[in-house]
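Residue strings, one per chain:
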Amino acid sequence: DAKTTQPTSMDCAEGRAANLPCNHSTISGNEYVYWYRQIHSQGPQYIIHGLKNNETNEMASLIITEDRKSSTLILPHATLRDTAVYYCIVRVGENRDDKIIFGKGTRLHILP
Amino acid sequence: DAGVIQSPRHEVTEMGQEVTLRCKPISGHNSLFWYRQTMMRGLELLIYFNNNVPIDDSGMPEDRFSAKMPNASFSTLKIQPSEPRDSAVYFCASSLGGWFSVNQPQHFGDGTRLSIL
């Protein structure tokens, strides 16, 4: 089972900020939060990751709550090309042999 | 920069045939991963190599599946004999560092869409 909970789908108007939530209430202190997205017919694409501080790069911002039990991925100015399934992933457990678990993700629809 | 390159992009074959999927990781990356994606099961990790050595193959569904990495720039995933339930999109990914080195993201290829008739 994935250790994250995400809404199944979300809509966002083109040009607006898209805020994608993720709950990871069982996250351990040294586990990172990663975000990937998968555009139709393509492989998953890395977006951003963080540990406890908020992070920003050219694609998105990641806001992690102080207790680290949840996070939000922000696409500041969504475009139609941002329509994709977005996966929130945390490393499962402490063992280096633990697997990445891709859950169902959030299907984001950008509306023109 | 060249990303992860997979071939073929599409493969259609009859059940019982041998299928070989190929992957060229990003130059300099020392970890390689094979995933399978279906509507029912989502994205599943099949096997992980580090420095050309298989580290975790617990996701390989059964003995019909095998993977090799003869050198740092090439890997194969083979299914013999193939069955209709093997139909899926197979992705290869590579990264720097260890298994899921916490500061190194995985970079995925565009996948091979496999259909077994």
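Structural data are supplied above this passage.
The text that follows walks through the structure, step by step, so that each part is easy to find. (Residues numbered from 1 in each chain as written. Chains lettered and ligands numbered in written order. Predicted model: local features only at pLDDT ≥ 70, side-chain atom pairs only at ≥ 80, totals over all residues. Heavy atoms only, no water.)

So, the pattern of salt bridges
Residue and element names in this part refer to chain B. Cut-off, in case you're wondering: Every case where a carboxyl oxygen of Asp or Glu lies within 4 Å of a side-chain nitrogen of Lys or Arg is listed as a salt bridge. Put simply, DSSP H or I for four residues or longer makes a helix, DSSP E for two residues or longer makes a strand, and each gets a number counted from the N terminus. Three labels apply to residues, based on accessible area from a 1.4 Å probe with only protein chains included: buried if under 20% of the type maximum, exposed if over 50%, partly exposed otherwise in between.
Applying the stated criterion across every chain, the model contains 9 salt bridges over all chains. Close ionic contact of R85 with E62 constitutes a salt bridge, the shortest N to O distance being 3.2 Å. Here R85 is found in the loop between β8 (74–79) and β9 (88–95), whereas its partner E62 is found in the loop between β6 (53–56) and β7 (65–71), with 23 residues between them in sequence. According to the relative accessible area criterion, R85 is exposed, its value standing at 56%. Between R85 and E83 there is a salt bridge, with the nearest N and O atoms lying 2.6 Å from each other. Sharing partners across several salt bridges, the network here consists of E62, R64, E83, R85 and D86.

Topic: the state of the cysteines
Inclusion rule: A pair of cysteine sulfur atoms is labelled a disulfide when the two atoms are within 2.5 Å.
In the structure shown here, the tally under the stated rule is 2 disulfides over all chains. With its sulfur 2.1 Å from that of its partner, A:C22 forms a disulfide with A:C88. Given an S-S torsion of about -80°, the disulfide between A:C22 and A:C88 has left-handed geometry. Linking A:C22 in strand β2 (residues 18–23) with A:C88 in strand β8 (residues 84–90), this pair joins segments that are 66 residues apart in sequence. The pair formed by A:C22 and A:C88 is uniform in burial state, with each residue classed as buried. Across the disulfide from B:C23 sits B:C92; the S-S distance is 1.9 Å. Measuring the twist about the S-S bond at about -70°, one finds the B:C23-B:C92 disulfide to be left-handed. Placement of B:C23 in strand β3 (residues 19–24) and of B:C92 in strand β9 is noted, with a sequence separation of 69 residues between them. B:C92 sits in the buried class, given a relative accessible area of 0%.

Nothing here speaks to function; it is geometry throughout.
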